[in-house]
Amino acid sequence: MSSVNLLAREVAAKIVFYGPGLSGKTTTLRKIYETVRPAHRGEMMSIATEGDRTLFFDFLPVKVERVNDCSVRLALYTVPGQVFYNATRKLVLQGADGVVFVADSQPEALDSNRESLQNLEENLLEQGIRLDRFPLVMQWNKRDIEKALPVEQLRATLNTRGALEFETSATSGQGVLDALKAITRLVIKDLRAKRIVPAPRATPNPVAPGAGLEAQLSQHLPSRPSQSMPTVQPPAMTPRQHASSTTIAAVAPAPAAAAAPPARMEVTPNSASVAVPRTVGQRALGPATALAPGELFDHARAAETSFASGQYGICVTACMDAVRRALAFAGEGTLAQQGFLLRVDGSDLLRLQGLSSKVDTARVDDAAFALYFVMQVFTRLNAVGLPETA
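First, a word on what this report is: a plain description of the structure on this page.

Reading the values: the criteria
- Per-chain numbering applies: the sequence of each chain, read as written, is numbered from 1 onward.
- The predicted nature of this model means local features are confined to residues of pLDDT at least 70 and side-chain atom pairs, given and counted, to a pLDDT of 80 or more, with totals for whole chains, interfaces and linings taken over all residues.
- Note that the side-chain values use all heavy atoms of the structure and ignore hydrogens as well as water.
- Side-chain atoms within 4.5 Å are what join buried Ala, Val, Leu, Ile, Met, Phe, Trp, Tyr and Cys residues into a set we call a nonpolar core.
- Type-normalised accessible area, obtained with a 1.4 Å probe on protein chains alone, sets the label of each residue: buried when under 20%, exposed when over 50%, and partly exposed for intermediate values.
- In this description a helix means any DSSP run of H or I spanning at least four residues, a strand means any run of E spanning at least two, and both kinds are numbered starting from the N terminus.
- Throughout, a contact is declared for two residues whenever any of their heavy atoms are within 4.5 Å.
- Paired strands, in this sense, are two strands between which DSSP finds at least two bridges.
- In this analysis, axes come from line fits to C-alpha atoms, helices being fitted only over the stretch in contact, and the angle between any two N-to-C directions falls in the range 0 to 180 degrees.
- Should an angle fall under 35 degrees it is called roughly parallel, over 145 degrees roughly antiparallel, and 65 to 115 degrees roughly perpendicular, with every other angle called oblique.
- The classification used treats Ala, Val, Leu, Ile, Met, Phe, Trp, Tyr, Cys and Pro as nonpolar, Asp, Glu, Lys and Arg as charged, and all other residues, Gly among them, as polar.
- Working definition: the arc comes from the directions between the helix axis and the C-beta atoms, pointing outward to the latter.

Some points on the nonpolar core
- Counting residues in each nonpolar core, the largest one holds 37 residues, and the members touching the most others are Val323, Leu352, Phe373 and Phe378.
- Elements that contribute at least two residues to this core include exactly helix H7 (287–291), helix H8 (297–308), helix H9 (312–327), helix H10 (335–342), helix H11 (346–356) and helix H12 (364–384).
- The element that contributes the greatest number of residues to this core is H12, accounting for 12 residues.
- Residue contacts for phenylalanine 378: discarding those within four places in its chain leaves Ala288, Leu291, Ala292, Pro293, Leu296, Ala300, Ala322 and Ala326.
- Counting residues in hydrophobic clusters, the runner-up holds 29 residues, among them Leu29, Met44, Ala182 and Ile188.

Side note on the pairing of strand E4 (residues 70–78)
- Buried residues dominate E4, accounting for 8 of its 9 residues.
- As paired elements, strand E2 (residues 10–18) and E4 share 8 bridges and run parallel to each other. Across the sheet, glutamate 10 pairs through a bridge with serine 71, a residue of E4.

Comments concerning the packing of helix H1 (residues 25–35) against helix H5 (residues 176–193)
- Running from N to C, H1 and H5 cross one another at 90°; their axes reach a closest spacing of 10 Å. Taken together, the axes of H1 and H5 are roughly perpendicular relative to one another. Counted together, Thr28, Ile32 and Thr35 of H1 and Val176, Leu177 and Leu180 of H5 form the full contact between these two elements.
- For the contact of H1 with H5, the class distribution of residues is 4 nonpolar, 2 polar and no charged.

Details of H10
- Looking only at H10, the buried set comprises Leu335, Gln338, Gly339 and Leu342. Taken down its axis, H10 places every buried residue within 100° of arc, on the same side. Turned more than 90 degrees away from the buried face of H10 sit Ala336, Phe340 and Leu341, all of them exposed.
- Buried positions along H10 lie against H9, H11 and H12.
- Two residues or fewer past H10, arginine 343 is found with a positive phi of approximately 60°.

Geometric descriptors of this kind do not, in isolation, establish any biological role.
Right, here's the structure in full:
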């Protein structure tokens, strides 16, 4: 499952290259690695056995510049092709946002291609995912060999779902980047449909030609400009540095449009999706309200309103109440147990609890931290799909 940091406006998506042994998965990743500029790639890791077969997985984080005003990072994996490593394939496949199936075009590999594709479908079903509803690209590899099977035969045998397909030669790199661009487009489209990628705040800056793979991917991703949303204008402040070195950037005001009227947007009270900023009178609400589930919208609004009016003690109290209610979606237990299940920062939770016990002396940076932590908790709820819809 993709991870989203709405405060930093960054989305991390996982793409897995799947297929039978020696079909060219590892070679494909190596070719991508050679293409990406060093500044925009991580270290490629692999564990190989005799015959250069991938034993566990290859991992390659690739940075894409902007999508919908968000920074995007792609984590590329391959799985071992051999049948007896199925447990490892299941682990690598967990949390995937898309799959590139690398098929071997040699005639003798047709059965192993079919078996691997069936194995992919079975492993996804164990996660409750149907392959025909999952971002999938077919990569017909080894097209440079003389005895390669006709694409029509590969399509009839392996691509009955009508997925996008590309003829590739991993050794030369032919078609490899086209397949990567296609699966990236599908993954981003799927994340948008699930409301994981937020809408753009402004028209993204044009990408200079020839800026590398991350720029090529950005140019091929659909983007739609939208109007900027004015936010609450809080008092001037200098936030105190947080213990985890996280800057409270989301609380800072965003410039409002000079002449554009405030937008009017609807929020369904019982919706489990992220609430959208709306206006009260002529004043738009801020980022905490934008992240709040429908059930917690009013609590986030109360916290932001009190912060904007300089009532910092009330803001801390409202934030603590919002956090308690948000963590309750994780199930029964103490706040610490609920926070652990949602993977929120335990030290931040303790700090907010301490601030809530001395609200009479709350300062602007205390209230700003409380709002930051509320947004952190809301982000975790969104990431795990809570609260669930009826």
